[in-house]
Amino acid sequence: MTPGGAPLAPYAVQPGHGRGRRIDEPPAPTRNEYQRDRDRVVHSNAFRRLEYKTQVFLNHEGDLFRTRLTHSIEVAQIARSIARALRLNEDLTEAIALAHDLGHTPFGHAGQDALNECMKHHGGFEHNLQSLRVVDELEQRYAAFDGLNLCFETREGILKHCSRVNAAALGDVGERFLTDRRPSLEAQVANLADEIAYNNHDIDDGLRSGLITLAQLADVDLFDRCARQVRAEYPHLPDRRIVSETIRRLINDLVLDLLAHSARQIGAQAPQDVDAVRRAPALIGFSDPVRQEASALKRFLFSHLYRHPQVQARMSQAKRVVHELFAAFDGDPGLLPIEHRTRHQRLGVRAVADYLAGMTDRYALQAHRRLTGESLHW
Ligand code: MG
């Protein structure tokens, strides 16, 4: 049943019929297994660290900017709305959405690129794979197992991308990258909800920071259409409220388009169960025109916000911090905290990457200050 009382669609992941956990556990008396997965994610250390991890390098500048934590909560909200409307498993969708960025490094994409460079002769660094490492291994809170021992379907959803080499080493959860299969619709929904969330909140944060302007956004059709409607209906609204109302409508338009198009595709394929979903092409998506408009919006954010000189300057500083931290800990593993030192004896340099990936922005800056004596002001 959905929380609203409607039965789940046949193509939804049905609680009680999944592929189970890596280590068997008795069922919880009051929660289904995906609700339990969600709860484990919320109680994890990695989830709390998201509060101090950068989304787009703006969170030190004011309290209203998104962090990875508020981003993840927005993704979960959008994903749940979509899942509910399609009669998918809302609990699983929520668990995937809340967990999707657990493996993110400090300093957003800059940190991840830098760590990948540091690890290039040791198997590289992929943040999706790292999210899976967090829930499979790195969280140490339960007596009976390492990690959170989440269900296969949750883990499948967390691993959004994966190289073939790494997929081959992962067993069941990596298989689909080698056999050209899709994940559940719940995972597909969480993935697109991520995109809807960051496109919209990055516009909002970009405007708030002053790095992009409303005038520039007039060139972005998707945004401009909603903004014109708002101005026509409310000619005297101050800019800040125009922005909020426009973004609210934009999220709504994107979700409605996604729902209509996905329902059409699901109807055409008529998958009878989750295995049929996995064999089918991706069924959750935007209509062609909206997908093109969404790509144009993404290109705008790349050229005007993510590549803004002010953001770029911070990114290169952040990359330097990660490289220098990596060099320090790799050069002298004795500098690692005791539990990471022990892991280093077993795993070598991967333990350094795990330690660095777990750092929050401010923890990384503190560690950098301690090791180099250099005090960076952000
Ligand atoms: Mg995300």
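These numbers were taken from a predicted model, which means no experiment stands behind them. (Residues numbered from 1 in each chain as written. Predicted model: local features only at pLDDT ≥ 70, side-chain atom pairs only at ≥ 80, totals over all residues. Heavy atoms only, no water.)

Draft legend 1. Quick peek at the pattern of salt bridges. Counted by the stated rule, this structure contains 36 salt bridges. Of the charged contacts, one joins Asp204 and Arg208 as a salt bridge, the two residues approaching to 3.5 Å between their closest N and O atoms. Placement of both Asp204 and Arg208 in helix H10 (residues 185-209) is noted, with a separation of four residues, approximately one turn of the helix. Glu233 is paired through a salt bridge with Arg249; the nearest N and O atoms lie 3.1 Å apart. With a gap of 16 residues between them, Glu233 in helix H12 (residues 221-233) and Arg249 in helix H13 (residues 239-269) connect regions that are remote in the sequence. On the basis of relative accessible area, Glu233 is assigned to the partly exposed category, the value being 46%. Note on Arg249: relative accessible area 15%, which makes it buried. Salt bridges linked by common partners bring Arg31, Arg38, Asp39, Arg80, Arg84, Glu90 and Glu94 together as one network. (Salt bridge = Lys/Arg side-chain N within 4 Å of Asp/Glu carboxyl O. Helix = DSSP H or I, 4+ residues; strand = E, 2+ residues; numbered from the N terminus. Buried < 20%, exposed > 50% of the residue type's maximum accessible area, 1.4 Å probe, protein only.)

Draft legend 2. Expanded view of H10. Compared with an ideal rise of 1.5 Å per residue, which puts 25 residues at 36 Å, H10 spans 36 Å between its outermost C-alpha atoms and is within 8% of the ideal. Where burial is concerned, most of H10 is hidden: 21 out of the 25 residues are buried. Backbone geometry just downstream of H10 places Gly210 in the positive-phi region, at approximately 85°. (Expected span 1.5 Å × (residues − 1).)

Draft legend 3. Focus on helix H1 (residues 33-42). With seven of ten residues buried, H1 lies mostly within the body of the structure. Looking only at H1, the buried set comprises Tyr34, Arg36, Asp37, Arg38, Asp39, Arg40 and Val41. Tucked inside the fold, the buried residues of H1 contact helix H2 (45-49), helix H4 (90-99) and helix H7 (152-158). Between a side-chain oxygen at the N-terminus of H1 and the backbone nitrogen of Tyr34 the separation is 2.8 Å; the capping residue is Asn32. (Contact = heavy atoms within 4.5 Å. Polar contact = N/O pair within 3.5 Å; in protein donor to acceptor, adjacent residues only side chain to side chain.)

Draft legend 4. Molecular detail of the coordination of the magnesium ion. Only His71 (NE2), His100 (NE2), Asp101 (OD) and Asp194 (OD) from the protein reach the magnesium ion as donors, at distances of 2.1 to 2.7 Å. Take His100: its relative accessible area is 6%, and that puts it in the buried class. In this structure Asp194 comes out as buried when scored by relative accessible area, which is 7%. (Donors = N, O, S within 2.8 Å, 3.2 Å for Na, K, Ca; no water.)

Draft legend 5. Structural view of the packing of aromatic side chains. For the structure shown, the criterion picks out four aromatic pairs. Considering the side-chain rings of Phe329 and Tyr355, the 5.3 Å spacing of their centres and the 80° angle between planes classify their relative orientation as edge-to-face. Of this pair, Phe329 sits in helix H16 (residues 309-331) while Tyr355 sits in helix H18 (residues 349-358), and the two are 26 residues apart along the sequence. Pairing Tyr355 with Tyr363 gives two aromatic rings, centres 6.3 Å apart and planes at 85°, and the pair type is edge-to-face. Feature note: the residues Phe329, Tyr355 and Tyr363 constitute an aromatic cluster, connected by ring pairs. Over the ring of Tyr142 we find Arg40, and its NZ or CZ is 5.0 Å from the ring centre. Stacked on the ring of Tyr52, the Lys or Arg Arg362 has its end atom at 3.8 Å from the ring centre. (Phe/Tyr/Trp six-rings, centres within 6.5 Å; stacked < 30°, edge-to-face > 60°. Lys NZ or Arg CZ within 6 Å of the ring centre and 35° of its normal.)

Draft legend 6. Quick peek at the packing of helix H5 (residues 108-118) against H16. Contact geometry for H5 and H16: axes closest at 8 Å, N-to-C directions at 40°. In this structure, the crossing between H5 and H16 has a hand that is right-handed. Between H5 and H16, the residues in contact are Ala110, Gly111, Asp113, Ala114, Leu115, Glu117 and Cys118 and Met315, Ala318, Lys319, Val322, His323 and Phe326, respectively. Looking at the contact of H5 with H16, its residues break down into eight nonpolar, two polar and three charged. (Axes fitted to C-alpha atoms, helices over the stretch in contact; angles between N-to-C directions. Left-handed = near helix turned anticlockwise from the far one by under 90°. Nonpolar A, V, L, I, M, F, W, Y, C, P; charged D, E, K, R; others polar.)

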